[in-house]
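Results of the structural survey
If you want the building blocks of each chain, they are given just below.
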Amino acid sequence: WLNWCHQNGLAPGDARPEHIRLFRHMLVQKSAAQSTISLKLTTIRRFYDGAISNNLLKSNPANGIKAPRKRTADEEKVLHLTQGEAERLLEAIPEDHSLKSLRDKAILCLMMLEGLRRVEICRANVSDIEETPSGIRLLVHGKGQDGYVYPREDTSYFLMQYLTIRGNVAADAEGEPMFVSLSKGAKVRGRISRIGLSKWLDNLMKKANIPKKGRGCHALRHTCGTLLYQATRDVKVVQETLRHASIAMAAKYSHIHNRGLARHTQQIPL
C-alpha cells in the first residue's frame, strides 16, 4: 500500500476511500486471490486505526471497503486429496509405534478422517478427551464455537497410544496440550503451532510423493468431507461430521462428487 501511494504521488495520510478502492482494483487486475486482497485490506485498515489512536488522523479511509466476492464455482475452491492420495499419506507414516509415528497418525486421522481444522488441532488439550460408554469424544475448540467429535476406533487408538507413551507435559496458558512438537531425537517440546503443523504436512506429503498443488492443512478437512459424501451420499452426515452451521456449506462436497461422475462418464466408451 505504501509503495502504491509512492508510485501514485499520494501521501498515505491524505488517502481517501476512493484511493483504497483503486488499490483494490489494481489487486483484482493482477489476479490476486480473494483471501490475499482481504488480508491486505485488513492490514491497511489496522494501519490507519493505529494512526487514529496516535491522533494523526480523524477517520479511517479503509473502513467498509472489503475484498470482492469469489466468483469461482464452489467445487473449484475445494482442494482435497483423492482416496488413493489419502491412503498413501497414511502409509507414509511408519508402523513402528514410536512416539512420533503415533502422534503423526493421530493428527492425520483427526484432520483427514474426522475433519478437524488446523487451529483445532493446535488448541486441543488433554482435558478435552471425555470417556463415553461407546468410546471417547473430543471437545473441539472451533473457530466460532466449541463442539464435539466422536472419533473412529482407529483414530481413538492412535490418539490414546500416543498420549500413553508421551506421558504428561507441562501445561501452558490454555492447558496441557494434546499435540506437541518433537525434536529430531523425539524430545517433547511445547504445544505444536499452526506453522509447525503446516510444515509437518508439507514434509509428509513430500515423503508420500504427493504434489502439493496449493493443498495445505485445510485440504485434509476437505478430503474428509469429499470422501465421506462419496461413501454416504448424505449431505446431512457431512454437515454433522464437519460441524457446519448450514447444510449449504456441506453441499459443496456433493458438487465435487457429481462433477467427478460427469468426467468419469465422458471417458467411458459407448
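Overview of the structure. Bear in mind that the values here come from a model prediction, so they are computed numbers and not experimental data.

Bringing the overall build of the protein chain into the picture now. Helix and strand counts for the protein chain come out as 13 helices and five strands. Per-residue burial over the protein chain gives 40% buried out of 270 residues. Contacts in the protein chain between residues far apart in sequence, at least 24 positions, make up 54% of those at least 6 positions apart. By element, 51% of the accessible surface of the protein chain is carried by carbon and sulfur atoms, the whole surface being about 15800 Å².

Once that is clear, we can look at the state of the cysteines. What the rule picks out here adds up to zero disulfides. In this model Cys122 remains outside any disulfide bridge; the closest cysteine sulfur is found in Cys217, 7.8 Å from its own. Exposure remark for Cys122: the relative accessible area of 7% places this residue in the buried category.

Once that is clear, we can look at helix α5 (residues 83-91). Within the span of α5, buried status applies to Glu85, Ala86 and Leu89. The buried residues of α5 occupy an angular sector of 100 degrees when the element is viewed end-on, so they sit on one face. Where the residues of α5 are buried, they touch α6 (99-112), α9 (194-207) and α10 (217-232).

With that out of the way, let us pick up empty space enclosed by the protein. With a probe scaled to a water molecule rolled over the atoms, the places where space remains empty come into view. According to the stated counting rule, one finds two cavities of 30 Å³ or more in the structure shown. By volume, the largest cavity is sized at about 70 Å³. As for the largest cavity, its lining consists of Leu110, Leu116, Glu120, Ile121, Ala124, Asp128, Leu138, Leu139, Val140, His141, Met178 and Phe179. Counting only elements with at least two residues in the lining of the largest cavity, the list comes to α7 (118-123) and β2 (135-141).

Turning our eyes to something else, we now look at the sheet that holds β2. Sheet architecture is open: three strands sit in the order β1-β2-β3, paired in antiparallel fashion. Since the sheet does not close on itself, it has two edges, and those belong to β1 (129-132) and β3 (146-149), each with one partner. Averaged over neighbouring strand pairs, the angle between their axes works out to 30 degrees when direction is ignored. Here β2 pairs with β3 via four bridges, running antiparallel. Bridging from a neighbouring strand, Val140 pairs with Gly147 of β3. Sheet strands in contact with helix α8 (residues 153-166) are β1 and β2, and its direction is about 80 degrees off that of β2.

Turning our eyes to something else, we now look at the environment of Lys207. Take Lys207: it is sitting in helix α9. Judged by relative accessible area, Lys207 falls into the exposed class, the value being 56%. Put simply, Lys207 and Arg88 are 119 residues apart on the chain and 9.5 Å apart in space, counted from C-alpha to C-alpha. Residues within four places of Lys207 in sequence aside, it is in contact with Ala92 and Pro94.

About the cut-offs
- Residues numbered from 1 in each chain as written.
- Predicted model: local features only at pLDDT ≥ 70, side-chain atom pairs only at ≥ 80, totals over all residues.
- Heavy atoms only, no water.
- Helix = DSSP H or I, 4+ residues; strand = E, 2+ residues; numbered from the N terminus.
- Buried < 20%, exposed > 50% of the residue type's maximum accessible area, 1.4 Å probe, protein only.
- Contact = heavy atoms within 4.5 Å.
- Areas by Shrake-Rupley, 256 points an atom, 1.4 Å probe, with all protein chains shown as cover.
- Disulfide = S-S within 2.5 Å.
- Arc of directions from axis to C-beta.
- 1 Å grid on protein atoms, 1.4 Å probe; cavity = no way out; pocket = protein on both sides within 12 Å on 5 of 7 lines; lining within 4 Å.
- Points joined across faces, edges and corners; volume = space filled by probe spheres on them.
- Pairing = 2+ DSSP bridges.
- Axes fitted to C-alpha atoms, helices over the stretch in contact; angles between N-to-C directions.

Taken by themselves, the reported measurements are silent on function.
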